[in-house]
Amino acid sequence: MDADLLIADCKLATMVKGDVPYGAIEDGAVLIKDGRIAWVGPRADLPEYKAEKIETLEGRWVTPGLIDCHTHLVFGGDRSGEFEQRLEGVSYEEIARSGGGIVSSVRATREDSEDELFASAMARLKGLKDTGVTTVEIKSGYGLDLDSELKMLRVARRIGREGGVRVRTSYLGLHALPPEHKDDRETYVTKAIEDILPAAHAQGLVDAVDAYCEPIAFSVEEISRLFAKAHELGLPVKLHADQLSDSDGAALAARYQALSADHIEYSNEDGIRAMAKKGTVGVLLPGAFLMLRETQVPPVDLMRQHGVPMAVATDCNPGTSPVASMTSTLNLACVQFRLTPEEALSGATREGARALGLQDELGTLEVGKRADLAVWNITRPAELSYWLGAPLLHSAWVDGQRRI
Ligand code: DI6
Ligand code: FE
């Protein structure tokens, strides 16, 4: 077998579902050809090969590159002042209703140039990359007018070209009402659906469509119209669902075969059942849960019972989740939501890929998949969920190219 690269002397957490925890192979090897995994298995079974390069890892653990399937990485401004307000007892909803919150990030994002937005997002991206992330989803939603939404999405695409990670974009036009439409939501909702989304899609800037379903944001009816348009354009949908209240978001997401329903702290059992039926992934965002000091834990047991795949993501955003570490997020998912370390790591690999519709390309170490790998200085995979803030990464590879 001809290969560009042989990775050897390593332990593999393939994350292939089966009887072996983490799909682990204790003494493994990986052959990489044209950016994809050409062979993977126990070193003892390695076929005859010719490799351009050999990388020996001195017994280190290799996992699929981590996938952060829900972020708002691109934004302008700073909202640490709101953090201080919240510590004094003002609630997130109160801040939003009094003109702060998302709308304050909208003001700052509109003011920033594309270069400024790119530079600040790249600084945050470093935290994700240093914790093993090789694929990141980035949402719009702090522009909320045609030019500013397109600007955000172009910056996200540029991060995909220049940032050393794979990027998927989501159009999040129904995130908040922009200040100029404060008193006429209908005009804005129609514009987001009929003008901004089609324009962004026509420019190749959109991989999926997202919305924020919440009494302080948008209703099931408004979002249904958006999702119908997304389907008309051939785009999959995702949803910020049931984060602060049971808004029937899980059922709405399932009704439109959403790739994922995210947050889902308050989702009801019918919603979880509907998600299971449609294969909608539940994306857990423990950073937002922590920062808002939430007490309602997402229905993890129901998801296990009904077989809803669970992903884990940072939700990196300036309001509710200023989190730029994927491994710390795994820890929070275990400590706060009682995921097992294996479930948490699956959530950042196999199920994170599914939440982006990329399960055939990414998320496990299997023949044919992209050679996106993270190499770790750990003795057991559970360490990835155990440490808070420790530097565990040895190297990261995207399409078989070393990026860190
Ligand atoms: N994701 C979001 O989009 C909102 N909450 C969340 O978890 C609001 C983010 C913000 O306040 O900027
Ligand atoms: Fe979010």
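These numbers were taken from a predicted model, which means no experiment stands behind them.

What counts, and where the lines are drawn
- Residues numbered from 1 in each chain as written.
- Chains lettered and ligands numbered in written order.
- Predicted model: local features only at pLDDT ≥ 70, side-chain atom pairs only at ≥ 80, totals over all residues.
- Heavy atoms only, no water.
- Domains from an automatic or database assignment.
- Contact = heavy atoms within 4.5 Å.
- Buried area = accessible area lost by both parts, 1.4 Å probe.
- Salt bridge = Lys/Arg side-chain N within 4 Å of Asp/Glu carboxyl O.
- Polar contact = N/O pair within 3.5 Å; in protein donor to acceptor, adjacent residues only side chain to side chain.
- Helix = DSSP H or I, 4+ residues; strand = E, 2+ residues; numbered from the N terminus.
- Axes fitted to C-alpha atoms, helices over the stretch in contact; angles between N-to-C directions.
- Left-handed = near helix turned anticlockwise from the far one by under 90°.
- Nonpolar A, V, L, I, M, F, W, Y, C, P; charged D, E, K, R; others polar.
- Buried < 20%, exposed > 50% of the residue type's maximum accessible area, 1.4 Å probe, protein only.
- Pairing = 2+ DSSP bridges.
- Right-handed = clockwise from strand over helix to strand, strands pointing away.
- Lys, Arg positive; Asp, Glu negative; His and termini not counted.
- Donors = N, O, S within 2.8 Å, 3.2 Å for Na, K, Ca; no water.
- Near = heavy atom within 4 Å.
- Parallel < 35°, antiparallel > 145°, perpendicular 65-115°, else oblique.

**Student:** Would you mind showing me how to read the domain arrangement of the chain here?
**Tutor:** Accessible area lost during the coming together of the parts is what is often quoted as the interface size. If you check the domain split of the chain, you get domain 1 (2-64 + 364-402) and domain 2 (66-355). Put simply, the middle of domain 1 and the middle of domain 2, counted by C-alpha atoms, are 30 Å apart. If you look at the interface, domain 1 gives 26 residues, while domain 2 gives 22 residues. Of the roughly 1,800 Å² buried where domain 1 meets domain 2, counting both sides, 59% is carbon and sulfur surface. The largest share of the area that domain 1 buries against domain 2 comes from Met15, Tyr22 and Ser385, three residues that together contribute 29% of it. Note that aspartate 372 is salt-bridged to arginine 166, the shortest N-O span being 2.9 Å. Taken together, the links from domain 1 to domain 2 amount to eight residue pairs in polar contact (both at pLDDT 80 or more). Listed by contribution, the elements that provide at least two residues to the side of domain 1 that touches domain 2 are strand S4 (50-64), strand S13 (373-376), helix H15 (383-386) and strand S14 (393-398).

**Student:** Sorry if this is basic, but what is going on with the packing of helix H5 (residues 146-162) against helix H6 (residues 185-202) here?
**Tutor:** Geometrically, a packed helix pair is captured by the angle between its two axes and the distance between the axes. The contact between H5 and H6 brings their axes to 10 Å, and the two run at 30 degrees. The two elements H5 and H6 meet at a crossing, and its hand is right-handed. Counted together, Leu146, Glu149, Leu150 and Leu153 of H5 and Ile196, Ala199 and Ala200 of H6 form the full contact between these two elements. In terms of residue class, the contact of H5 with H6 is built from six nonpolar, no polar and one charged.

**Student:** Looking at this model, I keep getting lost on the pairing of strand S8 (residues 208-213). Mind explaining?
**Tutor:** Consecutive side chains along a regular strand alternate between the two faces of the sheet. Most of S8 is tucked away, with six of its six residues classed as buried. Covered by surrounding structure in S8 are Ala208, Asp210 and Tyr212 together with Val209, Ala211 and Cys213, the residues of both alternating faces. Pairing of strand S7 (residues 166-174) with S8 involves three bridges; the strand directions are parallel. Within the sheet, the bridge partner assigned to tyrosine 171 lies in S8 and is valine 209. Crossover S7 to S8 through H6 is right-handed. As for the winding sense of the linkage, the β-α-β connection from S8 through helix H7 (residues 220-232) to strand S9 (residues 238-241) is right-handed.

**Student:** What is the right way to read the side chain of lysine 151 from this model?
**Tutor:** For lysine 151, the location among the structural elements is in helix H5. One buried charged residue, lysine 151, remains without a salt bridge, the closest side chain of opposite sign being glutamate 114 at 7.0 Å. Here arginine 110 takes part through its backbone oxygen, which lies 3.0 Å from a polar atom of the side chain of lysine 151. Apart from residues no more than four positions distant in its own chain, lysine 151 is found in contact with Thr109, Arg110, Glu111, Asp112, Glu114 and Leu117.

**Student:** Would you take a moment to explain the coordination of the iron ion (ligand 2) for this structure?
**Tutor:** Around a metal, the idealised angle for a tetrahedral arrangement of four donor atoms is 109.5 degrees; for an octahedral arrangement of six donor atoms it is 90 or 180 degrees. The protein atoms that coordinate the iron ion (ligand 2) are His70 (NE2), His72 (NE2), His240 (NE2) and Asp315 (OD), at distances of 2.1 to 2.3 Å. Each donor residue of the iron ion (ligand 2) belongs to the same chain, with the gaps between them written as H-x1-H-x167-H-x74-D. Across the pair, exposure class does not vary: histidine 70 and histidine 72 are buried alike.

**Student:** Which parts of the structure should I look at to understand the sheet that holds strand S3 (residues 36-42)?
**Tutor:** Sheet strands line up and pair through hydrogen bonds in the backbone, either parallel or antiparallel. What the seven strands build is an open sheet, ordered S3-S2-S1-S4-S13-S14-S15; its pairing is mixed. In this open sheet, the two strands that pair with only one neighbour each are S3 and strand S15 (401-402).

**Student:** In this structure, what is going on with the site of ligand 1? I would like to understand it.
**Tutor:** The local shell around ligand 1 holds 14 residues, among which Tyr92, Tyr142, His175, His263 and Asp315 are the closest. In this structure, histidine 72 approaches ligand 1 through a side-chain N or O atom, which is 3.3 Å from an oxygen atom. Histidine 263 places a polar side-chain atom, nitrogen or oxygen, 2.7 Å from an oxygen atom of ligand 1. Its residues placed into classes, the shell around ligand 1 shows four nonpolar, eight polar and two charged.

**Student:** So what exactly am I meant to see when it comes to the packing of helix H4 (residues 114-129) against H5 here?
**Tutor:** Following both chains from N to C, one finds H4 and H5 inclined at 50 degrees, their axes separated by 10 Å at the closest point. When the interaxial angle is binned, H4 and H5 end up oblique. In this structure, the crossing between H4 and H5 has a hand that is right-handed. Listed contacts from H5 to Glu114, Asp115, Leu117, Phe118, Ala121, Met122 and Leu125 of H4 are Lys151, Arg154, Val155, Arg158, Ile159 and Glu162. Its residues placed into classes, the contact of H4 with H5 shows seven nonpolar, no polar and six charged.

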